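A look at the structure
What follows is the residue order along each chain.
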Amino acid sequence: MKPSKNFLSRRKLTPGELPEIYRRLLKAFGHRAWWPGDTPFEIIVGAILTQNTAWTNVEKALLNLKRAGKLTVKAMHGTKASTLARLIRPAGYFNVKAKRLKHFTDFLTRRYGGSLAAMFRQDAASLRQELLGVNGIGPETADSILLYAGGKLTFVMDAYTKRIFSRHGLHDFEADYHEWQRLFHNALPPKVSLYNDFHAQIVELGKRHCKATRFDCEGCPLASYL
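Structural notes, computed from the coordinates. The numbers attached to residues start from 1 for each chain and follow its sequence in the written order. Totals for whole chains, interfaces and linings use all residues, but because this is a predicted model, local features are given only for residues with pLDDT of at least 70 and pairs of side-chain atoms are given and counted only at 80 or more. Note: side-chain values were computed over all heavy atoms of the structure, leaving out hydrogens and water.

1. Quick look at unusual backbone geometry
Applied cut-off: The secondary structure listing takes helices from DSSP runs of H or I that are at least 4 residues long and strands from runs of E that are at least 2 residues long, numbered from the N terminus.
A cis amide bond links Trp34 to the next residue, Trp35, at an omega of 20°. Relative to the helices and strands, Trp35 is located in the loop between α1 (18-29) and α2 (40-49). Even without a glycine there, the phi angle at Ala33 is positive, about 50°. Secondary-structure assignment places Ala33 in the loop between α1 and α2. Positive phi, close to 45°, is recorded for Tyr93, a residue that is not glycine. Of note, Tyr93 is situated in the loop between α5 (81-87) and α6 (94-112).

What follows is the structure, encoded as structure tokens:
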């Protein structure tokens, strides 16, 4: 959803200011310890399930999978899509997402013998292209898998990021995913830990202050800076 146009930033933000933006968000919110998950596979499943739904719904679906003993590559690969759909119902679009989970485990089993360790030994650029070839995995999900489950250097671009920073004039909301991503890659030091936590800080800011159809600048950690 394109954000409301009723927001007027005091001035345009420049890419060179992104490191300072991160420092201010970190000071306000603390380290976010994101993405939550006990294993890399749980993180991957969460990244697929969170498409078009709130994280609280994903947590319920993950708990169902865990209780059913389906939150391993081998168990999920051997489970029918219809069974997975029933377990992940809280995450919404459950039939579609069950098929996407199956597509991923099929890919992982066929290409890497079911081993995430083997998959993540692949270089980031090559693996990203492979992931984008899996039905149901787009750029944002692929980058979430690479960064959060694999510790690969890539910045995740999402609606929160485009909404917040387009409102402050950094770039056009409608610009291509990879244009946005290059902007962050060029402006920030190449550190996985920074990419990881900065994205999580942006999500927190979006949830608290910079929502899709309204915004609350009072108490926003960027209000006095911008």
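2. Observations regarding α6
Selection criterion: Here, expected helix span is obtained from the residue count minus one, scaled by 1.5 Å. Each residue's exposure class comes from its accessible area (1.4 Å probe, protein chains only) as a fraction of the maximum for that residue type: buried when under 20%, exposed when over 50%, partly exposed otherwise. Contact definition: two residues touch when any of their heavy atoms are within 4.5 Å.
Over its 19 residues, α6 extends 26 Å from the first C-alpha to the last, a length consistent with the 27 Å expected when each residue adds 1.5 Å. Taken together, the buried positions of α6 are Lys97, Ala98, Leu101, Lys102, Phe104, Thr105, Phe107, Leu108 and Tyr112. Along its buried surface, α6 packs onto α2, α4 (73-77), α5, α7 (116-120) and α8 (124-132). In the stretch just after α6, Gly113 is the one whose phi turns positive, near 65°.

3. Topic: the layout of surface pockets
Note the following rule: Only protein atoms enter the 1 Å grid used here, on which a cavity is any set of points holding a 1.4 Å probe that cannot leave and a pocket is any open set flanked by protein within 12 Å on both sides along at least five of seven lines; residues with an atom within 4 Å of a point are listed as lining. Grid points are joined across faces, edges and corners, and a volume is the space filled by probe spheres set on the points. Residues are sorted three ways: Asp, Glu, Lys and Arg are charged, Ala, Val, Leu, Ile, Met, Phe, Trp, Tyr, Cys and Pro are nonpolar, and all the rest, Gly among them, are polar.
Of the voids in this model, the largest pocket is the one considered here, and its volume is about 680 Å³. For the lining of the largest pocket, the secondary structure elements donating two or more residues are α9 (139-149), α10 (159-167) and α12 (192-208). Residues belonging to the lining of the largest pocket are distributed by class as follows: twelve nonpolar, nine polar and five charged.

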